[in-house]
Amino acid sequence: MTVTKEESGQEDADDRGDTSGGGDADDMGDMSGGGDADDRGDMSGGGDAYVPSLRRIERERYKRTRARRATAIAALSTLITGVVLYLVVVGAPGWPRTKETFFDAQYAREALPKVLEGLWLNIRLLLVCGAAVLVLGMLIAIARTLRGPVFFPLRALAAAYTDFFRGLPLIINLMIVVLGVPALRLQGVTVDPVLLGGTALTLTYSAYVAEVFRAGIESVHPSQRAAARSLGLTNRQALRHVVLPQAVRRQVPPLLNDLVSLQKDTGLVSIGGAVDAVRAADIIVGRSLNYTPYIVAGLLFVALTIPMTRFTDWVTARMDRQRAQGGTL
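Given the structure is predicted, the values throughout are model-derived calculations rather than measurements.

Here is what the cut-offs are and how they apply
Residues numbered from 1 in each chain as written. Predicted model: local features only at pLDDT ≥ 70, side-chain atom pairs only at ≥ 80, totals over all residues. Heavy atoms only, no water. Helix = DSSP H or I, 4+ residues; strand = E, 2+ residues; numbered from the N terminus. Buried < 20%, exposed > 50% of the residue type's maximum accessible area, 1.4 Å probe, protein only. Contact = heavy atoms within 4.5 Å. Core = buried A, V, L, I, M, F, W, Y, C linked by side-chain atoms within 4.5 Å. Expected span 1.5 Å × (residues − 1). Arc of directions from axis to C-beta.

Caption draft 1: Looking closely at the overall build of the protein. The number of helices and strands found in the protein is 12 helices and 0 strands. In sequence order, the secondary structure elements of the protein are arranged as α-α-α-α-α-α-α-α-α-α-α-α. A total of 329 residues make up the protein; the buried ones form 28% of that total. Long-range pairs, those at least 24 residues apart, make up 75% of the contacts in the protein between residues at least 6 apart in sequence.

Caption draft 2: The arrangement of the nonpolar core in detail. Leu201, Phe213, Ile217, Leu244 and Leu262 are the most contacted members of the largest nonpolar core, which totals 29 residues. Breaking this core down by element, the ones donating at least two residues are helix 4 (105-145), helix 6 (170-184), helix 7 (193-219), helix 9 (235-250) and helix 10 (252-265). Counting 10 residues, the second-largest nonpolar core is a separate cluster that includes Ala277, Ala297, Leu300 and Phe301.

Caption draft 3: Quick look at helix 5 (residues 152-167). Look at helix 5: 22 Å from first C-alpha to last across 16 residues, which is about the 22 Å you get at 1.5 Å a residue. Taken together, the buried positions of helix 5 are Ala158, Ala159, Tyr161, Thr162 and Phe165. The arc enclosing the buried residues of helix 5, seen along the axis, measures out at 155°, which places them on a common side. Summarising the geometry of helix 5, the exposed residues directed more than 90 degrees from the buried face are Phe152, Leu157, Asp163, Phe164 and Gly167. In the core, the buried residues of helix 5 are packed alongside helix 4, helix 6 and helix 7.

Following this line, the structure appears as structure tokens:
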């Protein structure tokens, strides 16, 4: 028997309608439309509000309990350690004499205003010398990275400068500049110990910062400079707009570390007679023979340094996260 195309198509359509349209649609309607809708209604309460599962609620409760337990253990451990250290220090032989010599409250109250006044000089030195160090260090680093035989004298001088002042102890540099320069009695040369001390600090720290900048410049891949040159930029423009921004951004943490060290070393200008925090404490110690003012000055330097150190750590961690995520070059 011959089946025509029309009859075959009609039968296939009827079969598909019976098996798919009738059965599957009804089954899906019963299974999905009814069951899923009921489940979603039970889970969401018939609205858009999210209702966490019991397992998630238990997990969050466990995390909070564990965090509170860890905090309590850490606090208790810290308290016990502090009590033990206090008892060891207070019960040590010679503690009364040590307390009288280094931790006298009367001398601390007397020294605090004068030491604070001297600390303002240290802060001003930090700001001025820090800016000068960054500028001079950048110039030296650029001189060391210049290419071509014509710039060999500049590269040699920059290398000699960094090698000399990185090897010369800072205290000797300060003595030469602060004490030796006035002995020359040169006309037009200042004898102000603050200016001379700042000059010595700038000379020493610019050598360290120059090496930090140079390391940053050399860490930039040569393809960056080549790409800039292919876009029509000159060597100077490529250095300014492509290389230096990446180099400085990469070297921010070590630059901040050098700034922290510079902040502490500003106290060395007192060897020339500048009345900073250290010198103000030294004057009181020389009169009273009590060393509490030194402790006061030291604590003020520590209080000034800790925020800078924590900021440096935060910047370092932030840059590490960005580098891990591919956010910086």
